[in-house]
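Tertiary structure, described
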Amino acid sequence: AHRILKGPKKSHIHGTNSFMVYWPDHDVFLGIAHFHRPHDRNKNPYARFGHHYTHAFYAVSSSAPFALKALSAEWVLPATSKPNDAEIIQFASGLEIEGEELIIAYGINDCESGLVRVQAKDVWEILKPAQPGQQVIDMMKPLKTKS
């Protein structure tokens, strides 16, 4: 059975997990979301529920009414075996702030786990501020296709 969404246009962004961390330096909750392709989830030779995952950081106001404050462009983590490439399935499953670093725990191809530390200031720099009332779908840019 296929689920049909009615109403306004929806983005294909998914919450990686429901856990967000409070970032006191910026008074926001920070989370990681993901996209996976293909969007249709049909059977394919790569993975049962999609592949070619990308992630995005997002920030939400720390008090009600909770609203989107910022969104990053899509990103992937480098593969451990090929640093200039990424696995087709990466799933960020944990996020923590420790001093000046963010710690991201993630799954690799549904078989292994990984942990990476990134500078918090670098993450803040890639977050694009959202205007009041702006939603994820309003901030997404369409993927370019080859002609």
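Everything discussed here concerns the structure shown above.
Residues numbered from 1 in each chain as written. Predicted model: local features only at pLDDT ≥ 70, side-chain atom pairs only at ≥ 80, totals over all residues. Heavy atoms only, no water.

**Concerning the overall build of the protein**
Applied cut-off: Where helices and strands are cited, they refer to DSSP runs of H or I of at least four residues and of E of at least two residues respectively, numbered from the N terminus. Between buried and exposed lies partly exposed: a residue is buried under 20% and exposed over 50% of the maximum accessible area for its type, with that area taken using a 1.4 Å probe on protein chains only. Contact criterion: two residues are considered in contact whenever any of their non-hydrogen atoms come within 4.5 Å of each other. Every accessible area reported is derived by Shrake-Rupley at a probe size of 1.4 Å, with residue values counting cover from the shown protein chains alone.
A count of helices and strands for the protein gives 2 helices and 9 strands. Walking the protein from its N terminus toward its C terminus, one meets helices and strands in the order β-β-β-β-β-β-β-β-α-β-α. For the protein, the proportion of its 147 residues judged to be buried stands at 35%. Considering only contacts within the protein whose residues lie at least 6 apart along the sequence, 43% involve residues at least 24 apart. When the accessible area of the protein is evaluated, it comes to approximately 10,100 Å², of which 55% is carbon and sulfur surface.

**Topic: the pairing of strand β7 (residues 101-108)**
Condition: Here, any two strands with at least 2 DSSP bridges between them count as paired.
With 8 bridges connecting them, strand β6 (residues 90-98) and β7 associate as antiparallel partners. Along β7, the bridge assignment pairs I97 with L102. Connecting β6 to the next strand, β7, in antiparallel fashion are 2 residues, including G99 with a positive phi near 65°. Here β7 pairs with strand β8 (residues 112-119) via 8 bridges, running antiparallel. Among the inter-strand pairings, I108 is bridged to a residue of β8, identified as E112.

**Some points on the sheet that holds β7**
Let me state the cut-off plainly: Axis definition: a line fit to C-alpha positions, over the contact stretch in the case of helices; interaxial angles, taken between N-to-C directions, run 0 to 180 degrees.
Strand order in the open sheet formed by 3 strands is β6-β7-β8, with antiparallel pairing between adjacent strands. Each edge of the open sheet carries a strand with a single partner, namely β6 and β8. Put simply, the sheet's adjacent strands are angled 20° from each other on average, direction ignored.

**Describing the nonpolar core**
Quick note on the threshold: Buried Ala, Val, Leu, Ile, Met, Phe, Trp, Tyr and Cys residues that are joined via side-chain atoms within 4.5 Å together make up what is termed a nonpolar core.
Formed by 20 residues in total, the largest nonpolar core has its most connected members in W23, L30, I32, F57, L95, L102 and I104. Every element with two or more residues in this core is listed here: β2 (21-23), β3 (28-37), β4 (51-61), β6, β7 and α1 (120-126). When residues of this core are assigned to their parent elements, the largest contribution, 4 residues, is made by β7. Other than its neighbours up to four places away in sequence, L102 contacts L30, F57, L95, E96, I97, V116, R117, V118, A120 and V123. Listed in part, the 10 residues of the second largest apolar core include A56, V60, L68 and M139.

**Remarks on the environment of A105**
Checked against the element boundaries, A105 lands in strand β7. With a relative accessible area of 25%, A105 lands in the partly exposed category. Along the primary structure A105 and R117 are separated by 12 residues, whereas in three dimensions their C-alpha atoms are 9.0 Å apart. Setting aside anything within four residues of it in sequence, one finds A105 in contact with F91, A92, S93, G94, G114 and L115.

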